[in-house]
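Listed here are the chains, written in short residue letters.
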Amino acid sequence: MIRKLLVANRGEIALRILRACDELGIETVAVYSDADASAPHVISAGQAVRIGPPPPAESYLSVRGILDAARSTGADAIHPGYGFLAENATFAAACEEAGLTFVGPPPAAISAMGSKISARRLMHRAGVPVVPGETPADQSDASLETAARQAGFPLLIKASAGGGGKGMRIVRGEEGLAAAIAGARHEARAAFGDDTLYVERLVAKPRHVEIQIFADAHGGAVHLFERDCSTQRRHQKVVEESPSPALSPLLRARMGEAAVAAARAVGYRNAGTVEFLLEGAGDDARFYFLEMNTRLQVEHPVTEAVTGVDLVHAQLRVAAGLALPWLQPDLHQRGHAIECRVYAEDPAAGHLPQAGRILLYRQPQRPGIRVDSGVVEGSEVSVHYDPMIAKVIAHAESRNGAIDRMRAALLDFLVLGLPTNIAFLLAVLDSKAFRDGGVHTAYLDEEGAGLSEPPPLPAAALAAAVAHINANRVRVPADIPDTRRDPWVSLEGWRS
């Protein structure tokens with residue numbers, strides 16, 4: 001088994017991995033930038049090593065710095081978490097060359113799935129459905145225009161190395177084609193250093209459904225069912241749930257089998273996610289391979305809630321060379337789970353990310369509620385990193401029960417000092433489209449601005465904030481912008 005693990009990440013995912021190591025008796029090492037010197041993940045680890053200044057390129061993305069930290073502390077394994085170097089094949093290979101166990105897939109699998117073009121070709125050969133489209137070997141503008149006309153409009157121009165919507169353009173007709181190719185190529189080059197593009201048919205208002213897979217080095221491969229990630233803004237997930245309201249048992253089985261076939265085709269090992277676009281619902285729905293995430297996902301807790309499986313424990317077990325502890329018939333879904341991502345952002349200003357000190361922080365504590373967070377009261381939300389404050393996961397016997405439980409938890413979640421999207425999340429949960437299970441990937445972009453305001457926060461929560469302000473002489477900055485959606489940063493009547 002792994003003896004000492006270095007966590008090459010920060011925030012809530014670093015804490016999540018550290019907790020799993022504590023439960024398994026594995027020693028731990030954290031790494032940190034100057035901005036995170038007193039962060040919770042640094043305090044929680046057995047050892048901590050500074051790896052550089054705040055900019056990620058000089059700290060959390062520094063392969064040399066992380067390997068030096070592992071060497072100096074005697075770590076024998078590295079877990080990359082998600083983001084930063086998690087899907088970097090060069091980093092995975094460097095770990096192996098240094099004699100360290102990389103808690104993730106082989107470098108070759110990361111490379112194969114890192115290019116959306118090569119991934120599409122590989123999935124097509126493996127019999128996994130892919131969106132109809134063209135991947136011209138000649139990457140000239142003229143060749144891409146020809147491929148687009150052959151695919152037919154409307155369509156997508158997409159970056160091979162893309163993600164999060166970067167390097168992607170919707171083209172609805174001939175007149176916008178040349179500009180879309182130029183724009184996608186420029187954005188892809190700037191974001192990924194790779195301007196390779198491909199063309200695929202636009203699936204109108206699809207759902208985004210992903211399948212959690214797991215494979216070991218002994219030929220074992222299973223899926224742990226689906227997560228529906230259709231509730232997203234600008235291709236960034238906001239709310240995730242499992243099971244998906246759109247899947248019938250037959251469709252679930254078909255998608256699970258396709259995901260396992262994808263894992264086997266790439267020689268996968270450890271945890272991964274195969275993402276699909278879903279057209280329609282029920283037995284007759286059609287699904288298409290979108291991409292494979294070769295890491296643990298942000299939304300993995302919803303799978304843990306409905307299956308009872310600790311995915312990080314399983315990651316560490318497989319990385320140590322052990323076989324999967326279950327076969328496919330051993331895995332079942334129980335109840336319904338929903339995850340909401342709580343961000344430091346201002347929905348009234350186009351969800352503009354916020355930075356600053358958290359003056360008051362009270363997590364909800366209720367039955368069936370789990371909170372994964374990387375902050376505490378007094379933490380600084382830095383401009384250098386993702387502004388996610390926490391993930392709230394609700395689990396109940398039914399979907400309606402999980403929604404109601406999540407609403408109650410969000411109403412209990414108190415954050416003072418900077419705007420959050422908690423009120424927006426409540427509005428999403430209360431929307432008819434979400435309640436009916438009819439959200440598609442474009443729903444929030446098309447109708448999110450019109451979501452109704454949630455009900456006012458309970459008097460007990462208001463009293464708690466007032467008591468905290470009075471007891472601690474907290475002064476709310478006078479230049480905080482209008483935040484009608486988040487009363488915890490606009491308490492003018494209680495300034496001291």
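Residues numbered from 1 in each chain as written. Predicted model: local features only at pLDDT ≥ 70, side-chain atom pairs only at ≥ 80, totals over all residues. Heavy atoms only, no water.

The next subject is the pattern of salt bridges. Overall, the coordinates contain 36 salt bridges when judged by the stated rule. The residue Glu210 makes a salt bridge to Lys237 at a minimum N-O spacing of 2.8 Å. Here Lys237 lies in strand β12 (residues 236-242) and Glu210 lies in strand β10 (residues 207-215), a separation of 27 residues in the sequence. Neither Glu210 nor Lys237 differs from the other in exposure class; each is buried. Here Glu380 ties to Arg357 by a salt bridge, and the two come within 3.1 Å at their closest N and O atoms. Pair noted here: Glu380 is in strand β21 (residues 380-381) and Arg357 is in strand β18 (residues 356-357), with a separation of 23 residues, a long-range link. Of the residues examined, Arg357 reaches a relative accessible area of 44% and is grouped as partly exposed. Residues participating in the shared-partner salt-bridge network are Glu210, Arg227, Lys237, Glu240, Glu275, Glu299 and Arg341. (Salt bridge = Lys/Arg side-chain N within 4 Å of Asp/Glu carboxyl O. Helix = DSSP H or I, 4+ residues; strand = E, 2+ residues; numbered from the N terminus. Buried < 20%, exposed > 50% of the residue type's maximum accessible area, 1.4 Å probe, protein only.)

Here we take up the environment of Gln212. Assignment of secondary structure puts Gln212 in strand β10. Separated by 48 residues in the primary sequence, Gln212 and Val260 place their C-alpha atoms 9.2 Å from one another. Once residues lying within four places of it in the same chain are set aside, the contact partners of Gln212 are Val222, His223, Leu224, Phe225, Arg227, Ala271, Gly272, Thr273, Thr303 and Leu311. Of the polar contacts made by the side chain of Gln212, one reaches the side chain of Arg227; its length is 2.9 Å. (Contact = heavy atoms within 4.5 Å. Polar contact = N/O pair within 3.5 Å; in protein donor to acceptor, adjacent residues only side chain to side chain.)

To continue, consider the confidence of the model for the protein. In this model, the protein carries an average pLDDT of 91, and 91% of its residues clear a pLDDT of 70 or more. Contacts for the low-pLDDT stretch residues 476-496, under 50 throughout, to residues beyond four places or in other chains number 43 contacts. (pLDDT = per-residue confidence, 0-100.)

Bringing the sheet that holds strand β4 (residues 77-79) into the picture now. Within the open sheet, the five strands sit side by side as β3-β2-β1-β4-β5. Their pairing is parallel. Each edge of the sheet is formed by a strand with only one pairing partner; in this case those strands are β3 (47-52) and β5 (101-102). Pairing of strand β1 (residues 4-7) with strand β2 (residues 27-33) involves four bridges; the strand directions are parallel. Residue pairing across strands places Leu5 opposite Thr28, the latter belonging to β2. Sitting on the sheet, helix α1 (residues 11-24) touches β1, β2 and β4, and the angle it makes with β1 is about 170°. (Pairing = 2+ DSSP bridges. Axes fitted to C-alpha atoms, helices over the stretch in contact; angles between N-to-C directions.)

Attention shifts here to the nonpolar core. Residues Tyr361, Val392 and Leu410 are the most contacted members of the largest nonpolar core, which totals 38 residues. Listed by contribution, the elements that provide at least two residues to this core are β12, β15 (336-343), β20 (369-373), β22 (388-396), α12 (399-412), α13 (422-430) and α15 (443-447). A per-element tally of this core places α13 first, with seven residues. With 35 residues, the next largest nonpolar core counts Ile26, Phe214, Ala314 and Ala319 among its residues. (Core = buried A, V, L, I, M, F, W, Y, C linked by side-chain atoms within 4.5 Å.)

Checked against the element boundaries, Thr441 lands in the loop between α14 (432-435) and α15. Among all residues touching Thr441, those that are not within four sequence positions of it are Pro206, Arg207, His208, Ser230 and Gln232.

Before going further, it helps to spend a moment on the packing of helix α7 (residues 141-151) against helix α8 (residues 177-192). The interhelical angle for the contact between α7 and α8, taken along N-to-C directions, is 120°, at an axis separation of 10 Å. Taken together, the axes of α7 and α8 are oblique relative to one another. The hand of the α7/α8 crossing is right-handed. Taken together, the residues of α8 that come into contact with α7 (itself represented by Asp141, Leu144, Glu145 and Ala148) are Leu177, Ala178, Ile181 and Arg185. When its residues are assigned to classes, the contact of α7 with α8 shows five nonpolar, no polar and three charged. (Parallel < 35°, antiparallel > 145°, perpendicular 65-115°, else oblique. Left-handed = near helix turned anticlockwise from the far one by under 90°. Nonpolar A, V, L, I, M, F, W, Y, C, P; charged D, E, K, R; others polar.)

Turning our eyes to something else, we now look at the packing of aromatic side chains. For the structure shown, the criterion picks out seven aromatic pairs. Relative to Tyr385, the ring of Phe84 has its centre 6.5 Å away and its plane inclined at 85°; by these criteria the two rings are edge-to-face. Here the residue Phe84 occupies a position in the loop between β4 and α4 (89-97), and Tyr385 occupies one in the loop between β21 and β22, the gap between them amounting to 301 residues. When its relative accessible area of 30% is taken as the criterion, Phe84 is described as partly exposed. (Phe/Tyr/Trp six-rings, centres within 6.5 Å; stacked < 30°, edge-to-face > 60°.)

Before going further, it helps to examine the packing of helix α3 (residues 63-73) against α4. Two numbers describe how α3 lies on α4: the axes approach to 11 Å, and their chain directions differ by 30°. Judged by the inter-axis angle, α3 sits roughly parallel to α4. Regarding α3 and α4, the two cross each other, and that crossing is right-handed. Mapping the contact onto sequence places Val63, Ile66 and Leu67 in α3 and Phe91, Ala94 and Cys95 in α4. Its residues placed into classes, the contact of α3 with α4 shows six nonpolar, no polar and no charged.

Within the open sheet, the four strands sit side by side as β6-β9-β7-β8. Their pairing is antiparallel. A single partner strand is all that each edge strand has here, and the edge strands are β6 (133-134) and β8 (169-171). Together, β6, β7 (155-159) and β9 (197-201) form the strand contacts of helix α6 (residues 116-125), whose direction differs from that of β9 by roughly 50°. Sheet contacts for α7: β6, β7 and β9; angle to β9, the most-contacted strand, approximately 10°.

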